[in-house]
Amino acid sequence: MKRVDWNVLDDAARMAVLQRPVQAVSDALREGVQAIFAEVAMRGDAALRDYTQQFDGVALQDFEVGAAEFSAAVAQVSPAVQAAIAEAAGRIETFHRAGMASVYAVDTAPGLRCERIQRPIPRVGLYVPAGSAPLPSTALMLSIPARLAGCKDIVLCTPPRKDGSADPAVLLAAQQAPGVRVFKLGGAQAIAAMALGTPVVPACDKLFGPGNAWVDEAKRQAAQRPGGLAIDMPAGPSEVLVIADAGANPAFVAADLLSQAEHGPDSQVLLLTDSVDMLDAVATQVDAQLAQLPRADIAAQSLSRSRLVLVKDIAQAIKISNRYAPEHLILSVREPRVWLDMICNAGSVFLGDYTPEALGDYCSGSNHVLPTGGAARAWSGLSVGSFQKAISVQDASRTGLANAGPCAVTLAYAEGLQAHARAVEVRLEQAA
């Protein structure tokens, strides 16, 4: 990892330190995704079979997971993993249930009531990747808030294994949403299927979940199509920023950096510290721990684009973090809650030496589907509200119209919209 001293850098050099690895969408990738959408639109399930054979190396006639495969999954997952899935699911539900939005109603004038009500998105599509490893944790993070939101139809796509089956741990996690329909489909073709619909795969109203560059581009193209399809958030490589003071444990800090670096070569990890000794100790620990990792080659590629940054003090580190807007922010400092009010841009914050980011990935209860690439300046991680839409309601009596109507008439004429004004005036005249 490259070492830099923030306070000797000019503005251009500071921007370079915070520059994320470029995940450029090549013309070939963009056109490839467009071609997949066109094929799925024209040939439906036949196109999905061809793409599954091409990209996943398996010939499937039936994509949907049936009752027999769901039942068989139980015997294929160890009791320890089953217990961990249930334990994590309980915490995730507890956290997300507590954060559900409340409906409200208020009289804004005598006789005029305004309300805000919540309705579930009718049909949602969840994508659970399985590139280098299956991700039952992502199935939990997506299916549990969808269930709590009350979504009537939940569709989940995950790539098939070489034997044509879905990962059994993913199936057990997906069943946290009773009635979920699981399809053995991966990549951009899965996104196209859920966006467009085929005779087998139903079209969805909103798509959720992480994926590779092809999945990310497919979600973007899906959202640009006419018809109102939505996606959860901008996606990109995973990232963590750690702020550590002189009292932090360098072995802990290094482990946190490596836990994100092993996600993929485009992941980015940053350490900000006001201690030269801490910077040196973390660098030593990173090298030592990296040598022990099965995914060391992947982590090493990520580390080559990452930074160890020396700052003046913790307050400056937090200002830099807010500028970067990390997906994950770890405060490995003494009395971390003292600094929490200064944090305004982060997907998720982890306080203190004993709160590793990996805890949030699996079972603390908060959601691990978070904004990346600086999107934390404006976007939030997934919640139950992500699977719902709010609808405003107004109810005016004659008295309410008499109280608020003249205001509407005046503003309508000010905007030159006479028909708007008359829609109120005819009622005022009738009520007089």
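Residues numbered from 1 in each chain as written. Predicted model: local features only at pLDDT ≥ 70, side-chain atom pairs only at ≥ 80, totals over all residues. Heavy atoms only, no water.

A. Just the packing of aromatic side chains, in detail. Within this structure, the stated rule accounts for three aromatic pairs. Between Phe208 and Phe387 the ring centres are 3.9 Å apart and the planes differ by 10 degrees, which places this aromatic pair in the stacked class. Highlighted residues: Phe208 in strand E7 (residues 206-208) and Phe387 in the loop between helix H15 (357-362) and strand E14 (388-396), separated in sequence by 179 residues. Its relative accessible area of 1% is what places Phe208 among the buried residues. Pairing Phe252 with Tyr354 gives two aromatic rings, centres 5.5 Å apart and planes at 70 degrees, and the pair type is edge-to-face. Placement of Phe252 in helix H10 (residues 250-261) and of Tyr354 in the loop between strand E13 (348-351) and H15 is noted, with a sequence separation of 102 residues between them. (Phe/Tyr/Trp six-rings, centres within 6.5 Å; stacked < 30°, edge-to-face > 60°. Helix = DSSP H or I, 4+ residues; strand = E, 2+ residues; numbered from the N terminus. Buried < 20%, exposed > 50% of the residue type's maximum accessible area, 1.4 Å probe, protein only.)

B. Quick look at helix H6 (residues 136-149). Helix length check: H6 (14 residues) gives 20 Å between terminal C-alpha atoms against 20 Å at 1.5 Å per residue, within 8%. Most of H6 sits out of view: 12 of its 14 residues are buried. Along H6, the positions that sit buried rather than exposed are Ser137, Thr138, Ala139, Leu140, Met141, Leu142, Ser143, Ile144, Pro145, Ala146, Leu148 and Ala149. Where H6 ends, the next residue or the one after it, Gly150, has phi of about 90 degrees, a positive value. (Expected span 1.5 Å × (residues − 1).)

C. Layout of the sheet that holds strand E4 (residues 123-127). Spatially, E6-E5-E4-E7-E8 is the arrangement adopted by the five strands of the open sheet, whose pairing is parallel. Strand pairing shows two members of the sheet lacking a second neighbour, strand E6 (181-184) and strand E8 (230-231), which therefore form its edges. Summarising the sheet, strand E5 (residues 153-158) and E6 pair through four bridges and their orientation is parallel. Bridge assignment links Thr158 to a residue of E6, and that residue is Lys184. Across the sheet, helix H8 (residues 187-196) touches E4, E5 and E7, and the angle it forms with E4 is around 175 degrees. (Pairing = 2+ DSSP bridges. Contact = heavy atoms within 4.5 Å. Axes fitted to C-alpha atoms, helices over the stretch in contact; angles between N-to-C directions.)

D. Local environment of the state of the cysteines. Scanning the model with the defined rule gives zero disulfides in all. In this structure Cys114 is not part of a disulfide, and its nearest cysteine sulfur, from Cys407, lies 12 Å away. Given a relative accessible area of 24%, Cys114 falls into the partly exposed group. (Disulfide = S-S within 2.5 Å.)

E. Local environment of the pattern of salt bridges. Under the defined criterion, the tally for this structure stands at 18 salt bridges. For Arg91, the salt bridge goes to Glu87, with nearest N and O atoms at 2.7 Å. Taken together, the residues Arg91 and Glu87, both in helix H5 (residues 79-98) and four residues apart, mark about one turn of the helix. Since its relative accessible area comes to 44%, Glu87 is described here as partly exposed. For the salt bridge of Glu425 with Arg422, the shortest nitrogen-to-oxygen distance reads 3.0 Å. (Salt bridge = Lys/Arg side-chain N within 4 Å of Asp/Glu carboxyl O.)

F. The packing of H8 against helix H9 (residues 213-224), seen in detail. Following both chains from N to C, one finds H8 and H9 inclined at 25 degrees, their axes separated by 8 Å at the closest point. With respect to H9, the axis of H8 lies roughly parallel. In terms of crossing hand, the pair formed by H8 and H9 is right-handed. Side by side, H8 and H9 meet where Gly187, Ala188, Ile191 and Ala195 of the first sit next to Trp214, Val215, Ala218, Lys219 and Ala222 of the second. (Parallel < 35°, antiparallel > 145°, perpendicular 65-115°, else oblique. Left-handed = near helix turned anticlockwise from the far one by under 90°.)

G. Local environment of helix H3 (residues 45-56). The terminal C-alpha atoms of H3 lie 15 Å apart, and with 12 residues this matches the ideal 16 Å at 1.5 Å per residue to within 8%. Along H3, the positions that sit buried rather than exposed are Asp45, Ala47, Leu48, Tyr51, Thr52 and Asp56. Along the axis of H3, the buried residues cluster in a sector spanning 145 degrees; they form a single face. Lining the buried residues of H3 we find helix H2 (27-43) and H8. Gly57 sits one or two positions beyond H3 and adopts a positive phi of about 70 degrees. (Arc of directions from axis to C-beta.)

H. Fine view of the nonpolar core. Core analysis: the biggest nonpolar cluster contains 39 residues, and Val124, Leu126, Leu140, Ile154, Leu156, Val182 and Phe387 have the highest contact counts within it. Those elements that place two or more of their residues in this core are helix H4 (67-76), H5, E4, H6, E5 and helix H7 (168-174). In terms of residue count, H6 provides more of this core than any other element does, eight residues in total. Discounting residues that sit within four places of it in the chain, Phe387 has contacts with Pro120, Ile121, Val124, Leu126, Leu142, Pro145, Ala146, Ala149, Cys151, Phe208 and Leu382. (Core = buried A, V, L, I, M, F, W, Y, C linked by side-chain atoms within 4.5 Å.)

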